[in-house]
Amino acid sequence: MPQKSLSEVAKKMRDIDIAMLSTHTDGGAIAARPMSNNGEVDYDGDSYYFTWEKSRMVDDIRKNSKVGLSFQGKKAFSVAVEGEADVIKDKEAFKEHWTPDLDDWFKDGIDTKGVVMIKVSAVRAHYWDGEDEGEVKLPSGKRH
């Protein structure tokens, strides 16, 4: 079977609300936690997640920016992403990725004290779709 394109995989990812974001901890363990995919619909290799700046996840990322994302969809569809994470504090950047659902978590919206955005830029993305599997070609500059 031919490899799927990034846009084909992204189309299937639209319905996945939760991603597991994995980081490396101080002791070398891997810590994973669920993060809302925030209705990002046009996946291009970058993912965005909002959290608290004083979280362990942010501390982990600042020490080691290599992270993993896993997405589990319908009918045995899943995607594993290896990426580089950045912690962003720019409110203008927040506006581009903010959704109304986030107001439930961050009561003052983008002005909530202590909120940050994590941007994960994919380096590798591998998908499984039943018996079909492969690695997706990422936009230039987003793969090794």
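Residues numbered from 1 in each chain as written. Predicted model: local features only at pLDDT ≥ 70, side-chain atom pairs only at ≥ 80, totals over all residues. Heavy atoms only, no water.

Quick notes on helix H2 (residues 56–63)
- Three or more residues of H2 are buried, namely Met57, Val58, Asp60 and Ile61. Across the axial projection of H2, the buried residues extend over an arc of 160 degrees, all falling on one side. Turned more than 90 degrees away from the buried face of H2 sit Arg56 and Lys63, all of them exposed. (Buried < 20%, exposed > 50% of the residue type's maximum accessible area, 1.4 Å probe, protein only. Helix = DSSP H or I, 4+ residues; strand = E, 2+ residues; numbered from the N terminus. Arc of directions from axis to C-beta.)

Quick word on the packing of aromatic side chains
- Applying the stated criterion across every chain yields a total of four aromatic pairs.
- The structure contains a cluster of three or more aromatic residues connected by ring pairs, namely Phe50, Trp52, Phe94, Trp98 and Phe106. (Phe/Tyr/Trp six-rings, centres within 6.5 Å; stacked < 30°, edge-to-face > 60°.)

A word on the side chain of Ser121
- Position of Ser121 among the secondary structure elements: in strand E6 (residues 115–129).
- Within the structure, Ser121 has its side chain in polar contact with the side chain of Asp46 (distance 3.0 Å).
- The residues touching Ser121, leaving out its near neighbours within four places in the chain, are Gly45, Asp46, Glu82, Gly83 and Glu84. (Polar contact = N/O pair within 3.5 Å; in protein donor to acceptor, adjacent residues only side chain to side chain. Contact = heavy atoms within 4.5 Å.)

Overview of the environment of Arg56
- Turning to its location among the elements, Arg56 is positioned in helix H2.
- With 25 residues separating them in the primary sequence, Arg56 and Ala31 have C-alpha atoms 9.4 Å apart.

Digging into the pattern of salt bridges
- Scanning the model with the defined rule gives eleven salt bridges in all.
- Of the charged contacts, one joins Asp26 and Lys63 as a salt bridge, the two residues approaching to 3.2 Å between their closest N and O atoms. Here Lys63 lies in helix H2 and Asp26 lies in the loop between strand E1 (18–24) and strand E2 (30–36), a separation of 37 residues in the sequence. Accessibility assignment for this pair places Asp26 and Lys63 in one class, exposed.
- The residue Glu82 makes a salt bridge to Arg124 at a minimum N-O spacing of 2.3 Å. Remark: Arg124 occurs in strand E6 and Glu82 occurs in strand E5 (residues 77–88); sequence separation between them is 42 residues.
- On the basis of relative accessibility, which here comes to 40%, the residue Glu82 falls in the partly exposed class. (Salt bridge = Lys/Arg side-chain N within 4 Å of Asp/Glu carboxyl O.)

Observations regarding the environment of Ala125
- Examined against the element boundaries, Ala125 turns out to sit in strand E6.
- Residues Ala125 and Val136 lie eleven residues apart in sequence; the distance between their C-alpha atoms is 5.6 Å.
- Non-local contacts of Ala125, meaning those with residues more than four positions away in its chain, are made with Ala80, Val81, Gly134, Glu135, Val136 and Leu138.

A closer look at helix H1 (residues 6–13)
- Within H1, the full set of buried residues consists of Leu6, Val9, Ala10 and Met13. Along the axis of H1, the buried residues cluster in a sector spanning 100 degrees; they form a single face. Among the exposed residues of H1, those oriented more than 90 degrees off its buried face are Ser7 and Lys11.
- Summarising the contacts, the buried residues of H1 are in contact with strand E4 (66–72), E5 and E6.

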